[in-house]
Amino acid sequence: MFFEFFRQYLFSARAGALVKKISWLTVIGLTISVSALVIVISVMTALNHNIQARTLAVEPHLTVEVPGVTSGNLLEVHPLAAKLRQDPDLKIQIFESQDVILRTQDGHFRGAIARGLSQESLDRMLLEMHKLDEKKKREPIPPEILAPGEVLMGVDLAVGLGVFEGGTVMGVPPESFLLPPGEVPRLVRVKVKRIISTSLADVDAQNIFYVRDHTMRAL
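As the structure is a computational prediction, the values presented were derived from the model and not from experiment.

A few points about the sheet that holds strand β3 (residues 150-154)
Right, so step 1: Spatially, the six strands close up into a barrel ordered β1-β2-β6-β3-β5-β4, and their pairing is mixed. Strand after strand, the sheet turns through a mean of 45° between neighbouring axes, direction not considered.
Right, so step 2: Pairing of strand β4 (residues 168-172) with strand β5 (residues 188-196) involves four bridges; the strand directions are antiparallel. Counted as the bridge partner of Gly-171 is Val-188 from β5.

Written as structure tokens, this is what we have:
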């Protein structure tokens, strides 16, 4: 049927000049439209895979919260964690997450999400990000890079606060603003050891990462 269309309308000697021109314009228009559609679908599919890979390198596939357990050390020895570790296909990461208000020495404030990981989980996350950025020839951060009191900060959050690598910020829990006058809120001072870029706007603009049980213990 496809070749019959070409034979009857495009290459037929009996077809008028106007019919041929309309037929050629129609075929050209359809070719351009289909080609544009295929290109757009290909680009969006590749972009979706890239975003998905980056998201899964930073964010967990599934988050499980155990009621009544508020410490990472307790969760490490919990029967649920031991049961999940029995599956070799699962990568288990125990982390803590809390909202904080970051304040710089210049008086700039910004809300952030502080996420505490074990050193192994943090190394795994950085390795996955390094694999995605191999074309940029970035060196992976060594395991011993984060000492107690040091954090990794998203690039957009650092820009918003005006913080550079080596700078210090003060972390305050949001509920401190609800304390009665005269009561001193809990504070923690951390050093920005490295500014990282995950190419994910939500992560780079909100998150700081630290080694669990070494930093943010006052909060």
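A word on helix α5 (residues 119-132)
Right, so step 1: Between its terminal C-alpha atoms α5 stretches 20 Å, which fits the 20 Å expected from 14 residues at 1.5 Å a residue.
Right, so step 2: By the burial criterion, the buried members of α5 are Ser-121, Leu-122, Met-125, Leu-126, Met-129 and His-130.

Some thoughts on the layout of surface pockets
Using a probe with the size of a water molecule, rolled over the atoms, empty space left in the structure can be pinpointed.
Right, so step 1: Considering only enclosed or pocket space, the largest pocket measures out at about 1,200 Å³ in volume.
Right, so step 2: Along the walls of the largest pocket sit 34 residues, with Leu-62, Thr-63, Val-64, Gln-93 and Phe-95 positioned nearest its centre.
Right, so step 3: At the level of elements, α2 (17-58), α3 (72-76), α4 (79-85), β1 (96-104), β2 (109-117) and α5 are the ones that each hand at least two residues to the lining of the largest pocket.
Right, so step 4: The class makeup of the residues in the lining of the largest pocket is 19 nonpolar, eight polar and seven charged.

Quick word on the side chain of Ser-121
Right, so step 1: With respect to the helices and strands, Ser-121 occurs in helix α5.
Right, so step 2: Among the residues examined, Ser-121 registers a relative accessible area of 3% and is labelled buried.
Right, so step 3: At 3.0 Å, the side chain of Ser-121 and the side chain of Ser-118 are in polar contact.

Topic: the packing of aromatic side chains
To describe a pair of aromatic rings, one takes the distance between the centres and the angle between the planes.
Right, so step 1: In the structure shown here, the tally under the stated rule is zero aromatic pairs.
Right, so step 2: Against the face of Phe-95 rests Arg-115, its NZ or CZ located 5.0 Å from the ring centre.

Section: the pairing of β5
A regular strand places its side chains so that they alternate between the two faces of the sheet.
Right, so step 1: One ladder, built from five bridges, connects β3 with β5; its direction is parallel. Within β5, the position partnered with Glu-150 by the bridge is Lys-191.

Focus on the side chain of Thr-215
Right, so step 1: Inspection of the secondary structure assignment puts Thr-215 in the segment after β6 (207-211).
Right, so step 2: Separated by 2.9 Å, the side chain of Thr-215 and the backbone nitrogen of Gly-149 make a polar contact.
Right, so step 3: Each residue touching Thr-215, except ones within four places of it in the same chain, is listed here: Ala-147, Pro-148, Gly-149, Glu-150, Val-151, Val-190 and Tyr-210.

What counts, and at which threshold
- Residues numbered from 1 in each chain as written.
- Predicted model: local features only at pLDDT ≥ 70, side-chain atom pairs only at ≥ 80, totals over all residues.
- Heavy atoms only, no water.
- Pairing = 2+ DSSP bridges.
- Helix = DSSP H or I, 4+ residues; strand = E, 2+ residues; numbered from the N terminus.
- Axes fitted to C-alpha atoms, helices over the stretch in contact; angles between N-to-C directions.
- Expected span 1.5 Å × (residues − 1).
- Buried < 20%, exposed > 50% of the residue type's maximum accessible area, 1.4 Å probe, protein only.
- 1 Å grid on protein atoms, 1.4 Å probe; cavity = no way out; pocket = protein on both sides within 12 Å on 5 of 7 lines; lining within 4 Å.
- Points joined across faces, edges and corners; volume = space filled by probe spheres on them.
- Nonpolar A, V, L, I, M, F, W, Y, C, P; charged D, E, K, R; others polar.
- Polar contact = N/O pair within 3.5 Å; in protein donor to acceptor, adjacent residues only side chain to side chain.
- Phe/Tyr/Trp six-rings, centres within 6.5 Å; stacked < 30°, edge-to-face > 60°.
- Lys NZ or Arg CZ within 6 Å of the ring centre and 35° of its normal.
- Contact = heavy atoms within 4.5 Å.

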